[in-house]
Amino acid sequence: RIYHNIVHVPQFFLHRRRIERMNHQDCLLDINDETDQYESRTASPVGAPLYGRTPNLISAPTLVSYNDSKYVKCLISGVFASSIRWVLTPFDNVKCKMQVEPSKYPTFVSGLRITWQRHGTAGLYRGLSPTVLAYASQTGTKYMMYEVFKDSSAQFFSPEFCHSHKNAIYILSAAGAEAIADVAMAPWEMLKVKVQTTPNFPSRLMPALVTMIRDRRHHQFPFGTLRPLWTRQIVGTVANFYTFECVTEYIYSSNHSNQFPPILATRDDKNGFASSEKLVVTCVAGSIAGVVSAVISHPFDVMVSLRTQYPNQAMWTTIKEYGWINLLTRGLGPRVGLTSSILCVQWFLYDSCRTILGMPTSGAGSDSSSN
């Protein structure tokens, strides 16, 4: 039901808007021909265009072909792409510890060593279960909704408008997709950070979840960090998706054929690339998008960890005590390296799964493959 409301309800209003515009255009027809044209239209068979007729509220959404399987495939591909975050749980674990207890974990390498010496493999993978739930729900929903919003824009606006305002469509689609995905992610993200940064907190999923629910007012569970999570994730996702679209468009453009090695030698358009070459383009664009996303979203990522550690303290006070320089720079190097690697692999896994499921790869550029 939630999937139906998110995907189909916006389409219903788009179809109503389209029909209303059709009716408005019909009003401009010559008055002498109006009667004959109206009769010919109302006598049209089922499935014909409903120009000049009162729209049927039940059948209106079926007027335009809408491939639900495309979004299911994007959801599956997104969940599969999130698996890279499960493998890298130890690095995410140490990163959170560095942000919350910088004196105890001064560097990334020392953080890994201290955690390994004290707790072993179990300590490095502490918080694995909420990590899987958080990123699977967030990544799958994000990629699916990004395609929903882009397709909705293409149906609502003219091709000329979409082409001239494509940057705005990329940015708004990414922001809207992330905003919805973060609602699914927020409870598991709070649980993950709490498990990883609080020594005496239960490490297993169900006991930890029960503890968070029991003390939900103190921890502001489940959506206490949603606003800072929105701030961090939306900014990072917009930078990620927009950069990815720009880089892929630049590479696929026929104007830059002499600037790339043979494996990326540009063809007339995206259709001229082999599947393996498209995946190479995906990796290059994903890496660059990861660097840009990490630098822009890093301060907000620190704020989320501080918010979980000090839930009853004003964020402004917490930032002043933590220090602005530390907010901007502490843990940035590992984050840039980690995020660029993660997004490179994540985009590769996502597009690989799309290819296996019979879809074209992501990114700007014409592609005749079926969606």
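Summarised in this report is the structure supplied together with it. Owing to the predicted nature of the structure, the values given are computational and were not obtained by experimental measurement.

1. Brief notes about the nonpolar core
If you look at the biggest cluster of nonpolar residues, it comprises 31 residues, and the most contacted ones within it are Tyr146, Phe241, Trp347 and Tyr350. For this core, the secondary structure elements donating two or more residues are helix H3 (68-81), helix H7 (128-156), helix H9 (166-197), helix H12 (226-252), helix H13 (275-309) and helix H16 (332-356). If you look at the next biggest cluster of nonpolar residues, it comprises eight residues, including Leu191, Phe201, Leu209 and Phe221.

2. Section: unusual backbone geometry
Note that the residue after Phe221, namely Pro222, is joined by a cis bond; omega there is 10°. Of note, Gln220 is a non-glycine position whose phi angle comes to about 55°, a positive value. With respect to the helices and strands, the residue Gln220 is situated in the loop between helix H11 (216-219) and H12.

3. Looking at the environment of Trp230
Here Trp230 is to be found in helix H12. Trp230 sits in the partly exposed class, given a relative accessible area of 31%. In this structure, the C-alpha to C-alpha distance between Trp230 and Ile180, residues 50 residues apart in sequence, is 9.4 Å. The contact partners of Trp230, leaving out residues within four places of it in the chain, are Ala179, Asp182, Val183 and Val235.

4. A short note on the packing of helix H5 (residues 89-100) against helix H6 (residues 108-124)
At a minimum axis distance of 10 Å, the contact between H5 and H6 shows a crossing angle of 120°. Compared by their axis directions, H5 and H6 come out oblique. As H5 packs across H6, the resulting crossing turns out to be right-handed. Listed contacts from H6 to Thr89, Pro90, Phe91, Asn93, Val94, Lys95, Lys97 and Met98 of H5 are Phe108, Gly111, Leu112, Thr115, Gly123 and Leu124. In terms of residue class, the contact of H5 with H6 is built from seven nonpolar, five polar and two charged.

5. Quick word on the pattern of salt bridges
Within the structure shown, the criterion is met by eight salt bridges. Here Glu249 makes a salt bridge to Lys166, at a shortest N to O gap of 2.3 Å. Note that Glu249 is positioned in helix H12 and Lys166 in helix H9, a separation of 83 residues in sequence. What you see here is one network of salt bridges that share partners, running through Lys70, Glu147, Asp151, Asp351 and Arg354.

6. Quick look at the packing of aromatic side chains
According to the stated counting rule, one finds 11 aromatic pairs in the structure shown. Between the aromatic rings of Tyr143 and Phe241, the centroid separation amounts to 5.5 Å while the plane-to-plane angle is 50°, which identifies the pairing as tilted. Highlighted residues: Tyr143 in helix H7 and Phe241 in helix H12, separated in sequence by 98 residues. By the burial criterion, Tyr143 is buried, and Phe241 matches it. Since its relative accessible area comes to 2%, Phe241 is described here as buried. Over the face of the ring belonging to Tyr135 we find Arg85, whose NZ or CZ atom lies 4.2 Å from the ring centre. Lying over the aromatic face of Tyr143, Lys142 brings its terminal NZ or CZ to 5.6 Å of the ring centre.

Cut-offs applied
- Residues numbered from 1 in each chain as written.
- Predicted model: local features only at pLDDT ≥ 70, side-chain atom pairs only at ≥ 80, totals over all residues.
- Heavy atoms only, no water.
- Core = buried A, V, L, I, M, F, W, Y, C linked by side-chain atoms within 4.5 Å.
- Buried < 20%, exposed > 50% of the residue type's maximum accessible area, 1.4 Å probe, protein only.
- Helix = DSSP H or I, 4+ residues; strand = E, 2+ residues; numbered from the N terminus.
- Contact = heavy atoms within 4.5 Å.
- Axes fitted to C-alpha atoms, helices over the stretch in contact; angles between N-to-C directions.
- Parallel < 35°, antiparallel > 145°, perpendicular 65-115°, else oblique.
- Left-handed = near helix turned anticlockwise from the far one by under 90°.
- Nonpolar A, V, L, I, M, F, W, Y, C, P; charged D, E, K, R; others polar.
- Salt bridge = Lys/Arg side-chain N within 4 Å of Asp/Glu carboxyl O.
- Phe/Tyr/Trp six-rings, centres within 6.5 Å; stacked < 30°, edge-to-face > 60°.
- Lys NZ or Arg CZ within 6 Å of the ring centre and 35° of its normal.

Nothing here speaks to function; it is geometry throughout.
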